[in-house]
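Below are the chains, spelled out letter by letter.
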Amino acid sequence: MLQDEVSEADTLERLRLAALDGDPHAVDDLMRALEPLVMRRCAKFLPHRADAEEACQDALVAIATKLRSYSGAGSFVGWVTVIASNSARSTYRSLKRRGSEQAVAVLPEALDPRTTSVMAGSRVDLMEALEAMEAAKPHLVESFVLRDLGQLPYDEVAEITGVPLGTAKARIHDARAFMRGHLVERLA
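A brief look at the structure comes next.

The rules behind the values
- Throughout this document, residue positions are counted from 1 along each chain, in the order its sequence is written.
- At least 70 in pLDDT is required for a residue's local features to be given in this predicted model, at least 80 for side-chain atom pairs to be given and counted, and no such filter applies to totals for whole chains, interfaces and linings, which use all residues.
- Note that the side-chain values use all heavy atoms of the structure and ignore hydrogens as well as water.
- A run of H or I in DSSP counts as a helix once it spans at least four residues, and a run of E counts as a strand once it spans at least two, with each numbered from the N terminus.
- What makes two residues a contact is simply this: any of their non-hydrogen atoms within 4.5 Å.
- Only Phe, Tyr and Trp rings take part, Trp by its six-membered ring, and two of them pair if their centres are within 6.5 Å. Stacked means planes under 30 degrees apart, edge-to-face means over 60, and tilted covers everything else.
- When a residue's accessible area, from a 1.4 Å probe over protein chains only, is under 20% of the maximum for its type it is buried; when over 50% it is exposed; and in between it is partly exposed.

### A word on the overall build of the protein chain
Then, in step 1: Secondary structure summary: the protein chain contains eight helices and zero strands in total.
Then, in step 2: Put simply, the protein chain runs from its N terminus to its C terminus through helices and strands in the order α-α-α-α-α-α-α-α.
Then, in step 3: For the protein chain, contacts bridging at least 24 residues in sequence account for 66% of all contacts bridging at least 6.

This is how it looks when you write it as structure tokens:
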């Protein structure tokens with residue numbers, strides 16, 4: 001872990017403890033300190049900044065209201081990553097549902113590569129692959145999200161998911177193979 005990450009984790013832990021002790025300013029300070037981290041996590045899932053910001057705000061509200069429920073299993077940053085990832089995935093599902101409910105007068109025959117962001121398209125593909133994995137192999141999703149999208153170390157993924165390190169690594173390996181297969185299939 002880099003020195004900056006250690007000092008950030010120490011700062012977040014200090015603010016978390018102060019908030020739990022009833023310091024009225026600590027919760028605000030904690031949310032301000034967490035916002036860039038949560039936004040980065042949400043932006044890994046959602047291609048449009050406004051959508052990532054919506055998910056970020058939902059995640060910050062959830063973190064503030066559930067602060068006392070953090071059990072100490074894994075790092076606080078890991079716990080925040082789980083909430084941010086779940087919020088981003090929930091926002092994606094909501095946006096997808098809203099989009100399918102709205103009537104479109106004329107459906108486009110194909111996406112215009114001049115107006116479609118490669119990054120946005122790849123994130124949409126990622127979210128669709130995650131949904132497919134959630135339907136087919138739900139036990140793999142959390143480990144994959146925490147490791148590959150949340151960038152948590154393997155040992156922390158194992159601790160958060162409550163499985164042995166070898167099991168966590170195997171799940172991540174299997175999830176990567178599933179994602180690779182699903183994404184390659186979409187290209188074909």
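Picking up where we left off.
### So, the packing of aromatic side chains
Then, in step 1: One pass over the structure, following the stated rule, counts three aromatic pairs.
Then, in step 2: Here Tyr70 and Phe76 contribute two aromatic rings whose centre-to-centre distance is 5.5 Å and whose plane-to-plane angle is 70°, an arrangement assigned as edge-to-face. Residue Tyr70 shares its accessibility class with Phe76, and that shared class is buried.
Then, in step 3: Considering the side-chain rings of Tyr70 and Trp79, the 5.6 Å spacing of their centres and the 55° angle between planes classify their relative orientation as tilted. Residue Tyr70 shares its accessibility class with Trp79, and that shared class is buried.
Then, in step 4: Following the ring pairs from residue to residue traces out a cluster consisting of Tyr70, Phe76 and Trp79.

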